[in-house]
Amino acid sequence: MGMGRILTAAVAAVGLFAGVMAAAPAVAQDTIKIAYTDPLSGPFAQTGDANLKQMQYAIDFINAQGGALGRKFELVPFDNKSQPSDALIALKNATDQNMPFIMQCSGSNIAAALIEAVNKHNDRNPDNRIIYLNCGAVATELTNAQCSFWHFRFDLNVAQKAEVMVKALPKTTTKVYLLNQDYLFGQSVQRDVKAFLANNRPDIQIVGDELIPLGKVQDFSPYITKIKASGAQALLTGNWGPDMSLLIKAGVGSGIDLTYYTFYAHLAGGPTAIGPGGAGRVYSVMQFSENVAPKLGNKEAEAFTEEFRKKHNFEFTSGLFRTIFEFVQASIIKANSVQPIKIAEAMEGMARKDLLGLDVVMRKDDHQIMSAYFVGKFDKKGTGGVKYDAENTGLGWDPVTTIMATDVVQPTSCKMRRPRS
Amino acid sequence: MEVFVVSLLNGLVYGMLLFMLASGLTLIFSMMGVLNLAHASTYMLGAYFAYTISLYVGFWPALILAPLLCGLLGAGIEMYGLRKVHRYGHIPELLFTFGLALIIEKVVQMTWGLIPVPYRIPDALDFPLFTIYGTQFPAYRAFMLLISALMFLTIWLGLTRTRIGLVIQAALTHPDMAGALGHNVPRVFTTVFAAGAALAGLAGVIGGNYRVTEPGMAFSMGPIVFVVVVFGGLGSLTGCFIASIMMGLIQTFAVVFDVSLADLLALFGVIVTKATPGSEFLMVSLPRIGALLPFILLVLMLVLRPRGLMGTRDT
């Protein structure tokens, strides 16, 4: 009988809980809710956790300015454990509670699933639509073949980042080596970098082009031997995680004269893993760095990032997060409504200044943001433009190259299907 | 030639690191029949212990203390965990070590955080030992070679020349008989488990700063170590040694040789073009799948010779 009673109690508790959940939106009707889904547990939790803290910080800033239409914003996190299926559950939760926005940053496969689900949901439920704010899923297809009226991407796509990387290569570099992970993302980096090299820098010779199995290589020394033998001056890689840090560590350890151009060396864990050996050799393509503001002499932006550092003891790396919420705020005010379709129409083509005072445009054709981008050089704190270090390592990113929003504009193949409002 | 010599050195260093990890595992596996899925976690703990200890007293004491800690932990796990589960058979033991691996990973994440820790090579060893064809050979890699060679020698001498070693060997092959002769087989088990854990810890100490000390390191190193153990064969330290060096060299050289199955066929006059059926598979170059070769070899080995390279028995 004990079991039966426990079960009854459990069912009752669940029922009660569900009741509370259902009642929640009615209670907190006065905030504008933004669902955020990313891995908050598991091996990639560090990314989700760092994102969440920075978003919350940016939202607090926007709320301190009064929010929009007299209402404050509220961030509601959902763990998706890097699984598309869990992200869809988060979407269901968000739409059940009538949230006008869902935000997701990590993983283009998850983004693709979300776009499809959001499209379907919005088609079927015209009075309960939702906007998908993409804060970091960068597959180029998402704003080309897969583009959607409900999807807004607030980070440059792979092809744009590849162009930024190629533009940052110094004139003296004439021989490069490409090494990427053997899956969708690595292959698109390989393809795009090659295309822009051919287009922008015909003087550069690709002396090696390699794909490695994702996360399987334990020792990168043989690759370094091969790169050395090829005579390459620079290594261009889209690798992330251990595939990036082990590669750079092996290269630095063997003392070969090589510079490393990466997409992800600046992300959480990168600077610590690479260590002082990478100083002056490692470059990374990034949307933001704390060291940009002092370089531009922008005191306000510097104070903004400094405040974050005081609060969380790590650096503010995602300037575009603030851009997202500023766009959301401005669109709601412009639309004078929290109806997703009106917000989306207001957001299309919107042009503003970001926290650095640089131009940002949400392109109407494909909902791809055009914003300034930077290439940072890893160096010791105090040298060059490194005023603030990363991860308390005494090393940080000197924004040596700045590419303006107007220089990252690339054609799109998007055929946007706009709903009738 | 230049590439060959450097690759040989690289392969040796990597192979020896594998051996350090695999030797402990193979001892445990052969003796208790348990594939200790938490073995690589002990390797990770070794690296993290060494990092924390080296913050206070420096690298050299850590080199001794961290493996000792891992050994103690191993002894504890065997005495209070595995031994209790042992009577229920192998599957519960396997599940126990699997659970343990997950718990250790979570504990490491909660204690040291999710991002890598700055565990660095000691300054005394942070210099290029010699330059070969323009590539520096770091002193630390030579140090790793030295430590692992010393370790191999110690285990080998210990197993073949000492009394306890002989008892271990007896318990490896005939546990019941060794017990009947009055040897305390459970204690031998504990000793071996602790020693295996200490070896993994040592591998962590010297591998953690050469590579990257982060919570994912156990997961990334685990599979390849199992390959080495199964490939080398149960109950054979020599087999394990050969397998480790082989895997190290295979993975290293696979990167250097830019050939594919299509090139191999071309030697026999078969030209593979995009139109050939299965051309995508045939044209995959060796470096692209190099890291997977050990797993392919493992499957072949299990099909052709289930007892492994120098294994003494099948289970």
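Owing to the predicted nature of the structure, the values given are computational and were not obtained by experimental measurement.

What counts, and at which threshold
- Residues numbered from 1 in each chain as written.
- Chains lettered and ligands numbered in written order.
- Predicted model: local features only at pLDDT ≥ 70, side-chain atom pairs only at ≥ 80, totals over all residues.
- Contact = placed C-beta atoms within 7 Å.
- Helix = DSSP H or I, 4+ residues; strand = E, 2+ residues; numbered from the N terminus.
- Axes fitted to C-alpha atoms, helices over the stretch in contact; angles between N-to-C directions.
- Parallel < 35°, antiparallel > 145°, perpendicular 65-115°, else oblique.
- Left-handed = near helix turned anticlockwise from the far one by under 90°.
- Nonpolar A, V, L, I, M, F, W, Y, C, P; charged D, E, K, R; others polar.
- Pairing = 2+ DSSP bridges.
- Core = buried A, V, L, I, M, F, W, Y, C linked by C-beta atoms within 7 Å.
- Buried ≥ 20, exposed ≤ 12 C-beta atoms within 10 Å, placed from the backbone.
- pLDDT = per-residue confidence, 0-100.

As for the interface of chain A and chain B
The interface of chain A with chain B comprises 35 residues on the first partner and 33 residues on the second. Ranked by residue count, the leading element in the side of chain A that touches chain B is helix 7 (residues 221–230) of chain A, at seven residues.

Digging into the packing of helix 2 (residues 39–57) of chain B against helix 3 (residues 59–86) of chain B
The description of two helices packed together rests on the angle between their axes and the distance between the axes. Residues and elements named next belong to chain B. Direction vectors running N to C along helix 2 and helix 3 enclose 140°, while the axes themselves pass 8 Å from each other. In terms of orientation, helix 2 and helix 3 fall into the oblique class. As helix 2 runs across helix 3, the sense of the crossing is right-handed. Within the contact between the two elements, helix 2 uses Thr42, Leu45, Gly46, Phe49, Ala50, Ile53, Ser54 and Val57 and helix 3 uses Phe59, Pro61, Ala62, Leu65, Ala66, Pro67, Leu69, Cys70 and Gly74. Counted by class, the contact of helix 2 with helix 3 contains 13 nonpolar, four polar and no charged residues.

A word on the sheet that holds strand 5 (residues 151–153) of chain A
Residue and element names in this part refer to chain A. The parallel open sheet is built from five strands, whose spatial order is 2-1-3-4-5. Each edge of the open sheet carries a strand with a single partner, namely strand 2 (73–79) and strand 5. The mean inter-strand angle of the sheet, taken between neighbouring strand axes irrespective of direction, is 25°. Bridging between strand 3 (residues 101–104) and strand 4 (residues 131–134) involves four bridges; their strand directions are parallel. When the bridges of strand 4 are listed, Ile102 appears paired with Tyr132. The strands that helix 2 (residues 45–64) touches are strand 1 (32–38) and strand 2; relative to strand 2, the one it contacts most, it runs at about 170°.

Description of the nonpolar core
Within the largest apolar cluster, 209 residues are counted, with the highest numbers of intra-cluster contacts made by Phe101(A), Leu18(B), Leu21(B), Val225(B) and Val228(B). Discounting residues that sit within four places of it in the chain, Phe101(A) has contacts with Ile34(A), Ala35(A), Ile130(A), Ile131(A), Leu133(A) and Val328(A).

So, unusual backbone geometry
All names here are of chain A. Even without being a glycine, Leu69 presents a positive backbone phi close to 50°. Relative to the helices and strands, Leu69 resides in the loop between helix 2 and strand 2. Residue class for Leu69 comes out partly exposed when judged on the 13 C-beta atoms lying within 10 Å of it.

Some details on the sheet that holds strand 11 (residues 351–353) of chain A
Residue and element names in this part refer to chain A. Strands sit in the order 11-12-13 across an open sheet of three strands; the sheet is antiparallel. On the outer flanks of this sheet lie strand 11 and strand 13 (369–371), each paired with one strand and no other. If you compare each strand with its neighbour and ignore which way they point, the axes differ by 20° on average. With three bridges connecting them, strand 11 and strand 12 (residues 359–362) associate as antiparallel partners. Counterpart to Ala351 in the pairing with strand 12 is Val361. Contacting strand 11, strand 12 and strand 13, helix 12 (residues 319–335) crosses the sheet at an angle of about 130° to strand 11.

As for the confidence of the model for chain A
Per-residue pLDDT for chain A has a mean of 89; in total, 93% of the residues score no lower than 70. Here helix 1 (residues 2–27) of chain A is the element of chain A with the lowest mean pLDDT, 47, and strand 4 of chain A is the one with the highest, 97.

So, the environment of Leu35(B)
Residue and element names in this part refer to chain B. Secondary-structure assignment places Leu35 in the loop between helix 1 (2–32) and helix 2. Note on Leu35: 17 C-beta atoms within 10 Å, which makes it partly exposed. The spacing of Leu35 and Leu95 is 60 residues in sequence and 9.9 Å in space, taken between C-alpha atoms. Once you skip the residues sitting within four places of it in the chain, Leu35 turns out to touch Phe29, Leu94 and Phe226.

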